[in-house]
Amino acid sequence: MKRCYSCLALLILSPALLLLGYYAIYSREFAYRISLTVETPAGLRQGSSVIRVFFGPSFGWSSRGISSRGEATFIDLGEGKNLVALLAQGPRGDAGNLQTLVSQAFFGLSPQGYLKRAPIEVAELPIGTRVALVGETIPTLVTFSDLADPNSAKVIAPHGFEAVFGSGYALKSASIETVAPGIWPFNLLPMPWPKWLFGETITRGIEKQLPFLVARREELRNVSADRPGFRPFFHSFVRESF
């Protein structure tokens, strides 16, 4: 009887173990840190955010499933001023996508304006590879006059800090750096060490700085594509799928 139970348990667990093994072999992941340094009259202010990207197996479909976890970079500039580097591009926060930005930053564009290499190839870069974010690779930058109101956002050009914040403010640097993604499924656990196994900790907590991400979450999930000006999409602040 015990042998029958063991055989039954093996039959039940085998598909799950095969699926787990398939995911472990054919899935790919990478993680990166976006960092910004802002010059203010009181000195430098810095902020960073770690985002992890997961490429799932295709299971015969033409493309892999892509998902990411992480959040926008929030910087408290002091004197009631703030800066948020969104998980988006363009003056309206709706140009390109997160994976395009990352691939363009590390590999650049062809003369025809296409990505030179696919986003998944970022996973091949050595940990610690760092490049400056310039031009179109700088994420959409916004500031909020009211941290409880997404409609109080104002988009800031990378060279327009003085016009918005006043004299003495400037974007000093922006960069992106590959960090340890860890090994799936161990990197699903919130463990800080060792990095090679659990990965760099994904940044969390922006809801505390921007309470509208909680109070008006559903509204921001359904922002109209026809809305003029900046569009405060929820996924421009938080990526939570995996």
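The structure displayed is predicted, hence computed values, not measured ones.

Colleague: What is the right way to look at the overall build of the protein in this model?
Modeller: Along the backbone of the protein there are 7 helices and 10 strands. Out of the 242 residues belonging to the protein, those deemed buried represent 42%. For the protein, long-range pairs separated by at least 24 residues make up 62% of all intrachain contacts whose partners lie at least 6 apart in sequence. A total accessible area of about 13,100 Å² is found for the protein, and carbon and sulfur atoms account for 58% of it.

Colleague: What exactly am I supposed to notice about the confidence of the model for the protein here?
Modeller: If pLDDT is low for a region, its predicted coordinates should not be looked at in detail. Here the protein averages 84 in pLDDT, and 82% of its residues register 70 or above. Counting interchain partners and residues more than four positions distant, the pLDDT-below-50 stretch residues 16-22 has 5 contacts. Across residues 59-63, confidence stays below pLDDT 50; counting only partners more than four residues off in sequence or on other chains, it has 4 contacts.

Colleague: Got a minute to help me understand the pairing of strand 5 (residues 81-85) in this structure?
Modeller: The side chains of a regular strand alternate between both faces of the sheet. Across the 5 residues of strand 5, 4 count as buried, placing the element largely inside the fold. Relative to strand 5, strand 4 (residues 73-78) is paired through 5 bridges, and the arrangement is antiparallel. Residue pairing across strands places isoleucine 75 opposite leucine 83, the latter belonging to strand 5. Between strand 4 and strand 5, which pair antiparallel and follow one another directly, the connecting turn spans 2 residues, one of which, glutamate 79, has a positive phi of 55°. Across 2 bridges, strand 5 lies against strand 7 (residues 141-144) in antiparallel orientation.

Colleague: Looking at this structure, I do not really get the nonpolar core. What am I missing?
Modeller: Generally speaking, a soluble globular protein has its nonpolar side chains buried in company with each other. Within the largest apolar cluster, 31 residues are counted, with the highest numbers of intra-cluster contacts made by Tyr32, Leu36, Leu83, Val102, Leu141, Phe161 and Ile176. Put simply, the parts of the chain that give this core at least two residues each are strand 1 (28-40), strand 2 (43-56), strand 4, strand 5, helix 2 (98-107), helix 3 (161-165) and strand 9 (170-179). Per-element accounting of this core gives the leading share, 6 residues, to helix 2. With 18 residues, the next largest nonpolar core counts Ala72, Ala88, Val223 and Phe237 among its residues.

Colleague: Help me understand the sheet that holds strand 7, please; the structure alone is not making it clear to me.
Modeller: One key point about sheets: their strands pair by backbone hydrogen bonds, in either a parallel or an antiparallel sense. Taken in spatial order, the 4 strands of this open sheet run 4-5-7-8, and their pairing is antiparallel. Looking at strand neighbours, the two that pair on one side only are strand 4 and strand 8 (153-156), the edges of this open sheet. Across the sheet, the mean angle from the axis of one strand to that of its neighbour is 30°, orientation sign disregarded.

Colleague: Would you explain the packing of aromatic side chains in this entry?
Modeller: The description of an aromatic ring pair uses the distance of the two centres, along with the angle that the planes make with each other. Scanning the entire structure with this criterion turns up 6 aromatic pairs. On the basis of an interplanar angle of 40° and a centroid distance of 6.2 Å, the ring pair of phenylalanine 144 and phenylalanine 237 is categorised as tilted. Remark: phenylalanine 237 occurs in the loop between helix 7 (217-221) and strand 10 (238-240) and phenylalanine 144 occurs in strand 7; sequence separation between them is 93 residues. The same class applies to phenylalanine 144 as to phenylalanine 237, namely buried. Taking the centre distance of 5.7 Å and the plane angle of 65° together, the rings of phenylalanine 161 and phenylalanine 165 count as edge-to-face. Separated by 4 residues within a single helix, phenylalanine 161 and phenylalanine 165 lie in helix 3, roughly one turn from each other. For the pair formed by phenylalanine 161 and phenylalanine 165, the shared burial category is buried. Feature note: the residues Phe144, Phe212 and Phe237 constitute an aromatic cluster, connected by ring pairs.

Colleague: Can you walk me through the side chain of serine 152 in this structure?
Modeller: Residue position: serine 152 is located in the loop between strand 7 and strand 8. Within the local environment of serine 152, its side chain forms a polar contact with the backbone oxygen of aspartate 146, the two atoms lying 2.9 Å apart. Other than its neighbours up to four places away in sequence, serine 152 contacts Thr143, Phe144, Ser145 and Asp146.

Colleague: What am I meant to see in the layout of surface pockets here?
Modeller: Rolled over the atoms, a probe sized like a water molecule indicates the empty space that remains. Space inside the largest pocket adds up to approximately 170 Å³. If you go around the largest pocket, you meet 13 residues; those closest to its centre are Asn187, Leu189, Pro190, Thr201 and Ile202. The residue makeup of the lining of the largest pocket, split by class, is 6 nonpolar, 3 polar and 4 charged.

Colleague: Sorry if this is basic, but what is going on with the pattern of salt bridges here?
Modeller: Where charged atoms of side chains with opposite charge meet at close range, the side chains can pair. Scanning the model with the defined rule gives 10 salt bridges in all. Glutamate 79 is paired through a salt bridge with lysine 81; the nearest N and O atoms lie 3.8 Å apart. Using a relative accessible area of 22% as the deciding quantity, one classes lysine 81 as partly exposed. In this structure, arginine 216 and aspartate 149 form a salt bridge, with 3.3 Å as the shortest nitrogen-oxygen distance.

Each value, and the rule that gives it
- Residues numbered from 1 in each chain as written.
- Predicted model: local features only at pLDDT ≥ 70, side-chain atom pairs only at ≥ 80, totals over all residues.
- Heavy atoms only, no water.
- Helix = DSSP H or I, 4+ residues; strand = E, 2+ residues; numbered from the N terminus.
- Buried < 20%, exposed > 50% of the residue type's maximum accessible area, 1.4 Å probe, protein only.
- Contact = heavy atoms within 4.5 Å.
- Areas by Shrake-Rupley, 256 points an atom, 1.4 Å probe, with all protein chains shown as cover.
- pLDDT = per-residue confidence, 0-100.
- Pairing = 2+ DSSP bridges.
- Core = buried A, V, L, I, M, F, W, Y, C linked by side-chain atoms within 4.5 Å.
- Axes fitted to C-alpha atoms, helices over the stretch in contact; angles between N-to-C directions.
- Phe/Tyr/Trp six-rings, centres within 6.5 Å; stacked < 30°, edge-to-face > 60°.
- Polar contact = N/O pair within 3.5 Å; in protein donor to acceptor, adjacent residues only side chain to side chain.
- 1 Å grid on protein atoms, 1.4 Å probe; cavity = no way out; pocket = protein on both sides within 12 Å on 5 of 7 lines; lining within 4 Å.
- Points joined across faces, edges and corners; volume = space filled by probe spheres on them.
- Nonpolar A, V, L, I, M, F, W, Y, C, P; charged D, E, K, R; others polar.
- Salt bridge = Lys/Arg side-chain N within 4 Å of Asp/Glu carboxyl O.

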